[in-house]
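Report on the structure
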Amino acid sequence: AAVSTQSTESSGINAEYGQVGFRRYIVRPVFSQHTKSNKHKMERFMPLGGNFVASFYAPITLTNSPAVLFKVEGDGSVTLLSTGTLLSCDPDRVVCKRVVLSGHPYKIQKRAAVVRYLFHNREDIAYFKPVQVRTKHGRRGHIKEALGTHGHCKITFDKPIQQSDTVLLPLYKRVFPKWHFEYF
């Protein structure tokens, strides 16, 4: 993982050339924020300016080694993406991606509502039953039961909701870098 001090915009989808210490290789990094906690939020693109962490699979190297990321253009020219130092060789670093599931109220009875399109089967509803849901207008609720076999569920909210509201279920998924390693 390398911490950057200078950067230009790039996504981690494309393979890029990385040099850490005296070794050069082709990598596919996953970009994340650098925080003091043990879980780090994934960035879809390399942020412009500021510090971030690029995680990728590579041979173990001593910490505080210089790190550089390059991008190869279609015509063969090389562009500098970022410079920094090696943060650590920690395989237990947790990078999480935020995913939001959304559904719509189907029937509303005071504080309870039947929500559809949030899930697709009863097993998913049973699995996510302890998780709190929220709406775009700030109402909070809990899943009470599954209705039928097509993913409809009954949710009880703290206050009545409107028919035009959207029910959201934020989730976090652990992300790993793509295994793509070649010496350059």
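Computed from a predicted model, the values in this text were never measured in an experiment.

**Digging into the overall build of the chain**
Broken down by element type, the chain carries 1 helix and 15 strands. The C-alpha radius of gyration computed for the chain amounts to 22 Å, which surpasses the reference 16 Å derived for 184 residues by more than 25%, pointing to a less compact arrangement than a globule. Considered along the principal axes of its C-alpha atoms, the chain spans approximately 65 × 35 × 30 Å. By the burial criterion, 36% of the 184 residues in the chain qualify as buried. Put simply, of all contacts in the chain between residues at least 6 apart along the chain, 65% involve residues at least 24 apart. With the model as given, the accessible surface of the chain reaches about 11100 Å², and the carbon-plus-sulfur share is 53%. Positive and negative side-chain charges in the chain, numbering 27 and 13 respectively, have mean positions lying 10 Å apart.

**Some remarks on the layout of surface pockets**
What the largest pocket holds in volume is close to 470 Å³. Residue lining of the largest pocket: 23 residues in total, with F56, Y57, C89, D90 and P91 positioned closest to the centre. Split into classes, the residues belonging to the lining of the largest pocket amount to 16 nonpolar, 3 polar and 4 charged.

**Description of unusual backbone geometry**
Its identity as a non-glycine residue notwithstanding, K110 has a phi of 55°, on the positive side. Turning to its location among the elements, K110 is positioned in the loop between strand 9 (94-109) and strand 10 (112-116). What makes K110 exposed here is its relative accessible area of 73%.

Reading the values: rules and limits
- Residues numbered from 1 in each chain as written.
- Predicted model: local features only at pLDDT ≥ 70, side-chain atom pairs only at ≥ 80, totals over all residues.
- Heavy atoms only, no water.
- Helix = DSSP H or I, 4+ residues; strand = E, 2+ residues; numbered from the N terminus.
- Rg over C-alpha atoms; globule rule 2.2 N^0.38 Å.
- Buried < 20%, exposed > 50% of the residue type's maximum accessible area, 1.4 Å probe, protein only.
- Contact = heavy atoms within 4.5 Å.
- Areas by Shrake-Rupley, 256 points an atom, 1.4 Å probe, with all protein chains shown as cover.
- Lys, Arg positive; Asp, Glu negative; His and termini not counted.
- Charge placed at Lys NZ, Arg CZ, Asp CG, Glu CD.
- 1 Å grid on protein atoms, 1.4 Å probe; cavity = no way out; pocket = protein on both sides within 12 Å on 5 of 7 lines; lining within 4 Å.
- Points joined across faces, edges and corners; volume = space filled by probe spheres on them.
- Nonpolar A, V, L, I, M, F, W, Y, C, P; charged D, E, K, R; others polar.

Function-wise, these values are silent; they only describe arrangement.
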